[in-house]
Amino acid sequence: MRYEARLQELGLTLPPAPKPAGVYRPLIVVGHMAYLSGHGPLLPDGSLLVGCVGREVDQAAGYAAARQTGLAMLATLRRGLGSLDRVERVVKVFGMVNSVAEFTQQPAVINGCSELFAEVFGSENGVGARSAIGVVSLPGGMTVEIEAVFELRVTGAAAAG
Amino acid sequence: MRYEARLQELGLTLPPAPKPAGVYRPLIVVGHMAYLSGHGPLLPDGSLLVGCVGREVDQAAGYAAARQTGLAMLATLRRGLGSLDRVERVVKVFGMVNSVAEFTQQPAVINGCSELFAEVFGSENGVGARSAIGVVSLPGGMTVEIEAVFELRVTGAAAAG
Amino acid sequence: MRYEARLQELGLTLPPAPKPAGVYRPLIVVGHMAYLSGHGPLLPDGSLLVGCVGREVDQAAGYAAARQTGLAMLATLRRGLGSLDRVERVVKVFGMVNSVAEFTQQPAVINGCSELFAEVFGSENGVGARSAIGVVSLPGGMTVEIEAVFELRVTGAAAAG
């Protein structure tokens, strides 16, 4: 289909798909639903964007971290599914922002990921349900952690399976 | 069916269905499952109940905020589904309470939403799985944020679709 | 099948299945998916392991609390399903660690639960998607709270239902 082509058209490069940092899998598929583990803002060199929004980093850095996290999620989807073209739609995004108590713009931060998904999958299929919250600490001190549920396309083979 | 009638019987008025505060949809339906985005305690005038439990507001205010959030979730369900009567049951509620570290009665706060759902959908279908946690910050400083998954009734048309 | 036998082989004893601490059910089954409410580190005497990691307790205590929480989740599954042998696989685990801002090893803590599931359900079916985060407060001051989604085996009767 179209999402791999769209990614290329946008000039986006995915980081290497992240390896699990614990006893879990990055992606589990049950029927036509794909469950993505919590992802972080993984850079091509394997490091993570770190820092608490409102203490070490600002809102713009949080937004950039959320977008980078979205790219890592796409890398996991591509590796696990073979191609982004198997995606039907974004169902749900859960975005957790490493925040001080005084920072309350978590939706604007998580938009970094959500706008990426809307660019790649379109304004209909790329925009799902969402929650955005502030949390006191994230693994390795990373700035955001985002998990998601995607619906997959029902192919002829899968429908018959 | 019965849930719209029950709402009227209880004398409950729903606030206007909330508009998204970011790049997401309030409700996504996949098959017979409805995923609700994180909702806040939206008042009829469009403002939110704000304040951290244990700092600016107390447990009773938290409970009231959770109930108000539940009403906003019902408003989203009605607008998205056409009628609350399309609901089969509450599957899962995830309740996040804006809390200081010393406040540990999150279940009593989130009961404000859960008791509303039990009143409207009944003690069997209105009571689902649930988690309740304390978080350091929520969007706009609101007191609670709650997301949920509902199962929808399988109608003749949907079953054939 | 095999999971009850495996539990016995491992010499594991489950605590009594936890009673809800609010208006919710510990387990909801929809189709072949089982949704577990947030569970805590319940001891056989009904008390919970409490304390914030980095303030009152250390990482090893967090790990032990996550393992104990996993045992409580298995107790809920057995009581709700009749037998652990009805489980097909772990789909998703969401682990929340009562943490100070400086503690960032949440994945190592939640491994206490994930390694238990891998021992009982095996390295393929027992390892699902996962998120691990730090939160400012949990109900009753408990050290971890973990919720999960499991896939259930499709039996002849269920497949025909």
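Nothing here was measured: the structure is a model prediction, and the numbers come from that model. (Residues numbered from 1 in each chain as written. Chains lettered and ligands numbered in written order. Predicted model: local features only at pLDDT ≥ 70, side-chain atom pairs only at ≥ 80, totals over all residues.)

Please clarify how the interface of chain B and chain A should be interpreted in this entry.
Much of the literature gives interface size as the accessible area that the parts lose upon coming together. Counting from both sides, the interface comprises 23 residues of chain B and, opposite them, 26 residues of chain A. Every element with two or more residues in the side of chain B that touches chain A is listed here: β1 (27–30), β2 (33–39) and β5 (144–152) of chain B. No other element matches the four residues that β2(B) contributes to the side of chain B that touches chain A. Residues that form the side of chain B that touches chain A fall into these classes: 14 nonpolar, six polar and three charged. (Contact = placed C-beta atoms within 7 Å. Helix = DSSP H or I, 4+ residues; strand = E, 2+ residues; numbered from the N terminus. Nonpolar A, V, L, I, M, F, W, Y, C, P; charged D, E, K, R; others polar.)

Please explain helix α3 (residues 106–121) of chain C as it appears in this structure.
Residues separated by three or four positions in an α-helix point in the same direction, a consequence of the helix having 3.6 residues per turn. All names here are of chain C. Here α3 is 16 residues long and its end C-alpha atoms lie 22 Å apart, about the 22 Å a rise of 1.5 Å per residue gives. At glycine 112, α3 is deflected by roughly 40 degrees, the largest bend along its length. Most of α3 sits inside the fold, with twelve of its 16 residues counted as buried. Three or more residues of α3 are buried, namely Gln106, Pro107, Val109, Ile110, Asn111, Gly112, Cys113, Ser114, Leu116, Phe117, Val120 and Phe121. In the core, the buried residues of α3 are packed alongside α1 (3–9), α2 (59–81), β3 (87–98), β4 (129–135) and β5 (144–152). (Expected span 1.5 Å × (residues − 1). Bend = angle between axes of the 7 residues up to and from the residue. Buried ≥ 20, exposed ≤ 12 C-beta atoms within 10 Å, placed from the backbone.)

Where do I start with the interface of chain C and chain A in this structure?
In this complex, chain C contributes 26 residues to the contact, which on the side of chain A involves 23 residues. When contributions to the side of chain C that touches chain A are tallied by element, the ones reaching two or more residues are β3, α3 and β4 of chain C. Take the side of chain C that touches chain A: its biggest share by element is eight residues, from α3(C). In terms of residue class, the side of chain C that touches chain A is built from 14 nonpolar, eight polar and four charged.

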